[in-house]
Amino acid sequence: RVVITGSSGLVGSESVTHFDARGWHVHGIDNNMRRDFFGPDGDTTWNLERLRRETRHFEHHPVDIRDRAAMLALIERHRITSFFAPPTVWIALLRCPAFDTTDLSSLKKGYYGASIMPVAVMQEILQRLPGLVVEHQRSELIRTLNDASDLTVEVRMGATPVVRVRDGQRLL
């Protein structure tokens, strides 16, 4: 069981698809804040509906990741084994008063990306969650211009390409 934050966004939804295809039960966290930030053009409902149609092991939770107690409760209730989130989410969870009273013993792997994890925070995670394996999971957009009219956008999970788009057409 894995939690993917931002599961209706570009990288999050591709992560959902990636793990679902490998038989993981995926808990997606996304409350569509992009709609609030960017208006109707930022709405990710279409992508959530696509995930619901195309995946077999996906469960959506419209939780606000700023609700730290709700995030911890979800991990506890669903016995999550792997958690993917940027360092800011990890830091917020560590600062939540409910952190030390929530049963997080099911967590075996923690992943972070999008920015660098401060060493002190990494040490605190490992101290407060003994036995947790924490890894940096690089998810980045790699853009290559093949010629003046051909823009290819590739999203990778570590070294593995998970989606490639050229001229609006999905290639991978």
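Bear in mind that the values here come from a model prediction, so they are computed numbers and not experimental data.

### Topic: the overall build of the protein chain
Helix and strand counts for the protein chain stand at six helices and ten strands. Split into buried and exposed, the 172 residues of the protein chain put 44% on the buried side. Within the protein chain, counting contacts between residues at least 6 apart in sequence, those at least 24 apart form 57% of the total. Counting only carbon and sulfur atoms, one obtains 54% of the accessible surface of the protein chain, whose full area is about 9400 Å².

### Observations regarding the packing of helix H5 (residues 87–94) against helix H6 (residues 119–128)
Following both chains from N to C, one finds H5 and H6 inclined at 50°, their axes separated by 11 Å at the closest point. If you check the angle between H5 and H6, you find them oblique. In the packing of H5 onto H6, the handedness of the crossing is left-handed. Residues Trp-90, Ile-91 and Leu-94 of H5 form the contact with H6, whose participating residues are Val-121, Glu-124, Ile-125 and Arg-128.

### Some thoughts on the environment of Asp-103
Take Asp-103: it is sitting in the loop between H5 and strand E5 (109–112). Judged by its relative accessible area of 34%, Asp-103 is partly exposed. In the structure, Asp-103 is positioned 31 residues away from Leu-72 in sequence and 8.6 Å away in space, judged by C-alpha atoms. The residues contacting Asp-103, other than those within four sequence positions of it, are Glu-76 and Arg-79.

### A word on the environment of Glu-76
With respect to the secondary-structure elements, Glu-76 resides in helix H4 (residues 68–77). A sequence separation of 28 residues divides Glu-76 from Leu-104, and the C-alpha atoms of the two residues are 5.8 Å apart. The residues contacting Glu-76, other than those within four sequence positions of it, are Thr-102 and Asp-103. Separated by 2.9 Å, the side chain of Glu-76 and the backbone nitrogen of Asp-103 make a polar contact.

### A few points about the confidence of the model for the protein chain
Scored by pLDDT, the protein chain has a mean of 82; 78% of the residues are at 70 or more. Ranking the helices and strands of the protein chain by mean pLDDT puts strand E3 (residues 58–61) first, with 97, and strand E7 (residues 139–147) last, with 39. In the predicted structure, residues 139–153 sits below a pLDDT of 50 and forms 35 contacts with residues beyond four places in sequence or in another chain.

Criteria and cut-off values
Residues numbered from 1 in each chain as written. Predicted model: local features only at pLDDT ≥ 70, side-chain atom pairs only at ≥ 80, totals over all residues. Heavy atoms only, no water. Helix = DSSP H or I, 4+ residues; strand = E, 2+ residues; numbered from the N terminus. Buried < 20%, exposed > 50% of the residue type's maximum accessible area, 1.4 Å probe, protein only. Contact = heavy atoms within 4.5 Å. Areas by Shrake-Rupley, 256 points an atom, 1.4 Å probe, with all protein chains shown as cover. Axes fitted to C-alpha atoms, helices over the stretch in contact; angles between N-to-C directions. Parallel < 35°, antiparallel > 145°, perpendicular 65-115°, else oblique. Left-handed = near helix turned anticlockwise from the far one by under 90°. Polar contact = N/O pair within 3.5 Å; in protein donor to acceptor, adjacent residues only side chain to side chain. pLDDT = per-residue confidence, 0-100.

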